[in-house]
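# Architecture at a glance
Listed below, chain by chain, are the residues.
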Amino acid sequence: MTVRDLASCPPPERWHDWVEYDAKAWPRKVEKHYEIIPTICFNCEAACGLMAYVDKETGRVKRFEGNPYHPGSRGRNCAKGPATINQVNDPERILYPLKRVGKRGEGKWERTNWDEVLDTFATKIRAAIVEDRRDEVMYHVGRPGHDGYMERVLGAWGIDGHNSHTNVCSSNARFGYHIWCGIDRPSPDHANARFILLISSHLETGHYFNPQAQRIIEGKMKGAKLAVMDPRLSNTASMADYWLATWPGSEAAVLLAMARIILVEKLYNRDYMRRWVNWQEYMAAEHPDEAQTFDHFIERLVDLYAEFTPTFAAQESGLAEEAIVDIARQIGHAGTAFAAHTWRAASAGNLGGWQVSRALWFLSVLTGSVGTAGGTAPYSWNKFVPTPFLKPPPADVWSELLYPPEYPLANYELSILLPYFLKEGRGKLSTYFTRVYNPVWTNPDGTAWIEMLTNEQQVELHAALTPTWNETAWYADYVLPMGIASERHDLMSQETHAGRWIGFRQPVLRVYKERHGEPVHYTYQANPGEVWEEDEFWIELSWRIDPDGSLGIRQYFESPYRSGEKLTIEEYYRWIFEHSVPGLPEAAAQEQLSPLEYMRKYGAFSIPQEKAPVYQLNEKELQLPELQGSIIDLARADMQADAAQRPISQSSSGIQVDGQSGVITRDGVNIGVMVDGKAYEGFPTPSRKQEFYSATLKEWGWPEYATPGYIHSHVHRSAINAERGEYLLIPTFRLPTLIHTRSGNAKWLNEISNANPVWIHPLDAERIGVQSGDLVRITTEIGYYVNRAWVTQGIRPGVVACSHHMGRWRLDTSRGADRWTSALVELGKEPDGIWRMKQIEGVRPYQSDDPDSARIFWREAGVHQNLTFSVHPDPVSGMHCWHQKVTVAAAPPEDSYGDVFVDRRKAQEVYERWITMTRPQTQRSDHLRRPLWMIRPYRPAASAFKQ
Ligand code: SF4
C-alpha cells in the first residue's frame, strides 16, 4: 500500500486501511494506518456526514472529516464537524452516571451504576402508567438527533410526555408555514434558484450552515441573486447582493408590499394561484355577495393589501422604497425559481412573528414556486423518515402542561411556561428527563427554571441525559452521560436540498471492534467510561417498566427476528433498512452487501428520485380504484354546477367529494382535492389547497388574522423611545462556530469564539458615550446584565444585538460546565424574589490530561443574557418572542463584567400580561381542544383532542 496524495477524499475501497504519513514524524516518512468509519455529526440539526479516522495502532479516533458519500453535506463540514474530536477527548466530560447526594443544586454527587439508575426510573414510571398519571412523565428534548425513535418510545409507554425546545426556537416560523400548507418547515432549492430571499440568515449562517450555505453559493455561481433581510450583517448577508437591514418586526410589511407589487404588476403565476389557492373559500366567506371568480379574487387581493405601498413598507422598515420595488420585481420575474427561507430571528423575535413566514410563503405561492425546481418545497417533500417495525397506537391522553387551553393553536408545546404552570398547580412531574437540553441557560427566565427544578413537589425525579455538564444538569437528581456523534446510533434525514436521503449515525468504536472480531453487546462497552447511547437506554428502561409484558409496552422492544427476546439496537436499524427505505436493498445487493452493511459502510443513502420524487408533490394524482369512473364523473359535474346547488358526491366505499370545495374524503378524513376535473393529493390542509384564507384561525378566535397580515410587534418602532435611551435588542443570532451549550466541550470552537459583546452602531455608541470594549448595562423589563460593547456598522442604528451563544457559568471550581467556556459565578436569591449573579473568575488555564487546557489565552466567558428576559409567549403560536425593548447605558462604576440582576416579581407580572392576550376556546360545541388537522410532534389519539 502506498500513500496517495490528499487532493481528494480516500475512496471507499481503501477505507479499511487508509495510509498516511505521520505529520509529526516529518521529515521521516512514517506510515500511519487508519480505518475510516462514517458517522453523522451531532453538533447541529443538519446531520452532515463525518468520517472517523480510527488509528489502527491505538484503536482510538484520531480525527473527523467530511463524508463525500453523504448527499446532504457532500464531504463538507462547518468548523463544528471536525471539532467532534474535541468532544470525544474533552478532559472534563462526564464518563459515569452520577447521583445527587446533597440537596438539589448543592453540587454534591456520587458515582452510581446504570442498574440502579434504570431500576429507579422504571419503578417511578411504571407507577405513573399503572396509576393512570400518564401526563406526569415528561421527556424534554433540546437536540433530538434522530427521526422518530423517541416518539415511538413515548407512544409505547402510552403517555403524553413529549416536550421540546421548539417553543424557544422555531414554532413561530413553523406556524406561518403550517397554516398555509399543513407542513411547517420550508425547504428551498437554492442551487437551482434565480432569486433567493432569506429573512434573517439564521439557518444559513449558523444552523444548517454547511448544507444550505454551499447550495446558496452554488446558486449564486449559476447566476442567482441573493437578498438577505437582517438588521445584522451576518456572514450570509455579507455574501448577498442585497443586504436589507430592516427594523426588526417590520419584515411582514415589506413582504406584503412586495406581494402587492407582484399582484399589481401582474407578475404572479395565475395558473398556480387559480388551481392551488383556496380562493373560492375566501370569496365565499368574506365576499359572498360578489362575483365568485378568480379575477375578482385578484382584485380583492389588491384591495386587501392597498395599505402596503412601498412608501408604507419603507416607513415601517427603514428600507429604501426603490429597493423594495426592485426586489419585488426580481422575485416576480424569477417566477417558479424563487427560493425563500426564514427560521429564527424575525419570526422568533417578534409578537406575531408567524406572520413573517406566512407573508414570505405568500410570495412563494404568488410566484408558483412551491415545490418547483429552484423554488421552495414543504420540508417533508425533501426529507425521508422510514417507519420502524410495530408502531404503537396513539394514546388517549392529553397533557395540559404541554398544550394548555389558552393556546389551542400552539404549534409546539408551551415549553417556556412549564415553571409557571407547575407553580400554579396545573399538575406535577413525577419523572422528568431533560435530554441534550439546558433550559436554565437556554430558555428565557432561567431563574424560574432553577426554582422549578429545586422544588421536589413540582418535579419529583429529574435525570439530565447529556453528553456534557450544563447548568440544568446541576439541578438534576441524576446526570446520565450519553454518547456524542461517534458514540451512538441514530437515523437522520434533513431537508438540505431538493432530494431525499437518510444518514446513519453509528458508534464508531463499536463498529471498529466488531469488525475486528470483538463482540460488543451494548455500545457503552466500546465508548469511553460508561457512556451509554440513548437508544439502548430506552430499550432497557422499557423492559424494566414492563418486565413481563403485561402492560403491553415490552412488545415494542422485542426483536422482530427473535420472538419474545429483547431487541438489540442493530436489529432495530437492520429491520428499517431491509423494509422501509426504497432502493436501499437493491443498492446494497449490487455490492453484495446487506442493507445494514451498506449503511455501516457508507453512512448515508440517497433515495432514488424515481422512488421518491421531490417536486410538485401536490400534483400527485390520487390512485384510488374507488375514484375511477362514476364518482369522478359526478364530481366533475358537481364542480361545474352553480355553487349554491353543488351536492356531495358519494361512493359506496366511504369516499365523498364535496361539490363546492372539491375536497375528497374517505371515511370523513380529507385525502385529496379535485382540481380542473382531476383528483390530486394536494396539501394536508382542510381544503387540501394552499390556505390563503384560514378558516381555522377565524373559527378559533382570530378572525382578523384569517389572511396573511402584519402584526405590530411588541418591539415595533413606536414602542421604542430613543430619546429615553431605549433600543431594540436582538438576542437570538448565532455564530457559525458554536452550538447552544454543547460546544462548551470543543476547545477549538472556544478558541475561535469566546465573547458575546453587544453590537452597537457608531451613532448609538457616540450617543451613549461608549467605545468598543467599554462596559454597558443592558436593562430589560425584569433586570439587567453587564457586557462589553462592540461598536460596528454591521448593525442598524437603534438596534443592538448580542449572540445567544456565550455566558456559560458554573457554581463549582471544576464542575458544572466546561472550563474552556464558563465563568465561575456566585448566584443567589435574595428576599422578595431578587436574583443576582456575579462572576468570581472568568476563563483560566488549568491542568488536565489535555495540555491545551494550560494554554487557554482568553479570559472572559461571555455574559448570560437570557436570565434577564421574561417569557413572551405569542398568544397564537405560543412561541417565545425573543426581542427585547431595553435601555442601554454606560455601566455605572459599581457594575462588573457579567453581572446579572433579575426581579422575579416583575417576571411574574410580564407572564400574566402576556397570557391574558390569549383567547382560550373552551366553550366549543365540538369540545375540541385543538383543530384535529393541526400537527403535534407526539400526536395522541383523536379522542384525546376532545375535552
Ligand atoms: S452544519 Fe456543521 S454542525 Fe451542523 S451537522 Fe454540518 S458539520 Fe455538523
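Residues numbered from 1 in each chain as written. Predicted model: local features only at pLDDT ≥ 70, side-chain atom pairs only at ≥ 80, totals over all residues. Heavy atoms only, no water.

Glancing now at the sheet that holds strand 3 (residues 49-55). Whether parallel or antiparallel, the strands of a sheet pair through hydrogen bonds between backbone atoms. Strand order across the open sheet formed by 4 strands is 1-2-3-4, with antiparallel pairing between neighbours. Looking along the sheet, the strands with just one partner apiece sit at the ends: strand 1 (18-21) and strand 4 (60-66). With direction set aside, neighbouring strand axes in the sheet form an average angle of 40°. Strand direction decides the pairing type here: strand 1 and strand 2 (residues 31-40), joined by 4 bridges, are antiparallel. Considered in strand 2, the bridge of Tyr21 is made with Glu31. The strands touched by helix 19 (residues 508-515) within the sheet are strand 2, strand 3 and strand 4, with strand 2 carrying the most contacts at an inclination of about 120°. (Pairing = 2+ DSSP bridges. Helix = DSSP H or I, 4+ residues; strand = E, 2+ residues; numbered from the N terminus. Axes fitted to C-alpha atoms, helices over the stretch in contact; angles between N-to-C directions. Contact = heavy atoms within 4.5 Å.)

Of all 8 residues making up helix 18 (residues 446-453), 7 are buried, and the element is well covered by its neighbours. Those residues of helix 18 that sit buried are Gly446, Thr447, Ala448, Trp449, Ile450, Met452 and Leu453. (Buried < 20%, exposed > 50% of the residue type's maximum accessible area, 1.4 Å probe, protein only.)

With that settled, the discussion passes to the site of the ligand. Close to the ligand lie Cys41, Asn43, Cys44, Ala46, Ala47, Cys48, Asn77, Cys78, Lys80, Gly81 and Asn210, which account for all nearby residues. In terms of residue class, the shell around the ligand is made up of 6 nonpolar, 4 polar and 1 charged. (Near = heavy atom within 4 Å. Nonpolar A, V, L, I, M, F, W, Y, C, P; charged D, E, K, R; others polar.)

How two aromatic rings sit relative to each other is given by the distance of their centres and the angle of their planes. Summed over all chains, the structure comprises 60 aromatic pairs. Relative to Tyr573, the ring of Phe504 lies with its centre 5.4 Å away and its plane at 55°, an arrangement referred to as tilted. With Phe504 in strand 19 (residues 501-505) and Tyr573 in helix 21 (residues 569-579), this pair connects stretches of sequence that are 69 residues apart. Judged by centre distance (5.8 Å) and plane angle (20°), the ring pair of Tyr522 and Tyr524 falls under stacked. Sitting over the ring of Tyr561, Arg574 keeps its end group 3.7 Å from the ring centre. It is Arg819 that lies over the ring of Tyr846; its NZ or CZ is 4.0 Å from the centre. (Phe/Tyr/Trp six-rings, centres within 6.5 Å; stacked < 30°, edge-to-face > 60°. Lys NZ or Arg CZ within 6 Å of the ring centre and 35° of its normal.)

With respect to topology, 3 strands assemble into an open sheet ordered 18-19-20, the strand pairing being antiparallel. Bordering the open sheet on either side are strand 18 (490-492) and strand 20 (604-606), each of which pairs with just one other strand. Across the sheet, the mean angle from the axis of one strand to that of its neighbour is 15°, orientation sign disregarded. Bridging between strand 19 and strand 20 involves 3 bridges; their strand directions are antiparallel. The residue bridging Trp501 from the neighbouring strand is Ser606, located in strand 20. Strands strand 19 and strand 20 of the sheet are contacted by helix 23 (residues 595-602), whose axis makes an angle of about 105° with strand 20.

Turning our attention to a nonpolar patch on the surface. A cluster of nonpolar side chains, contributed by Ile217, Met221 and Met239, occupies part of the molecular surface with about 320 Å² of accessible area. Here Ile217 lies in helix 6 (residues 209-221). The exposure class of Ile217 is partly exposed, given its relative accessible area of 30%. (Patch = residues over 30% accessible without salt bridge, like charges linked within 9 Å, V, L, I, M, F, W, Y side chains within 5 Å. Areas by Shrake-Rupley, 256 points an atom, 1.4 Å probe, with all protein chains shown as cover. Salt bridge = Lys/Arg side-chain N within 4 Å of Asp/Glu carboxyl O.)

The next subject is the nonpolar core. Ranked by internal contacts, the top residues of the largest apolar core, which has 92 residues, are Leu417 and Ile760. For this core, the leading source of residues is helix 28 (residues 904-915), giving 5 residues. If near-sequence neighbours (up to four positions away) are discounted, Ile760 is found in contact with Ala765, Ile768, Val770, Val776, Ala789, Trp790, Val791, Thr792, Ile795, Val800 and Val888. Within the second largest apolar cluster, 70 residues are counted, among which are Ala257, Ala259, Phe294 and Ala328. (Core = buried A, V, L, I, M, F, W, Y, C linked by side-chain atoms within 4.5 Å.)

A few words on the environment of Arg100. With respect to the helices, strands and loops of the structure, Arg100 is situated in strand 5 (residues 98-100). Separated by 375 residues in sequence, Arg100 and Tyr475 place their C-alpha atoms 8.9 Å apart. In this structure Arg100 touches Lys108, Trp109, Glu456, Ala476 and Asp477, once residues within four positions along its chain are discounted. A polar contact of 2.8 Å, which involves the side chain of Arg100, links it to the backbone oxygen of Gly102. Within the local environment of Arg100, its side chain forms a polar contact with the side chain of Asp477, the two groups lying 2.7 Å apart. (Polar contact = N/O pair within 3.5 Å; in protein donor to acceptor, adjacent residues only side chain to side chain.)

So, on to the side chain of Arg232. Note that Arg232 resides in the loop between strand 11 (225-229) and helix 7 (235-238). In this view, Arg232 contacts Ala237, Trp243, Phe733, Arg734, Trp759, Gly794, Ile795 and Ala801; residues no more than four positions away in its chain are not counted.

On the secondary structure map, Ile834 appears in strand 33 (residues 834-841). Assessed through its relative accessible area of 9%, Ile834 is described here as buried. Here Ile834 is in contact with Gly828, Lys829, Phe901, Val902, Asp903 and Arg905, once residues within four sequence places are set aside.

Our next topic: unusual backbone geometry. Omega for the bond connecting Trp26 with Pro27 falls within 30 degrees of zero, at 10°, which places this linkage in the cis form. Tracing the sequence through the fold places Pro27 in the loop between strand 1 and strand 2. The backbone phi angle of Asp676 is positive, close to 50°, even though this residue is not glycine. Here Asp676 lies in the loop between strand 24 (669-675) and strand 25 (678-680).

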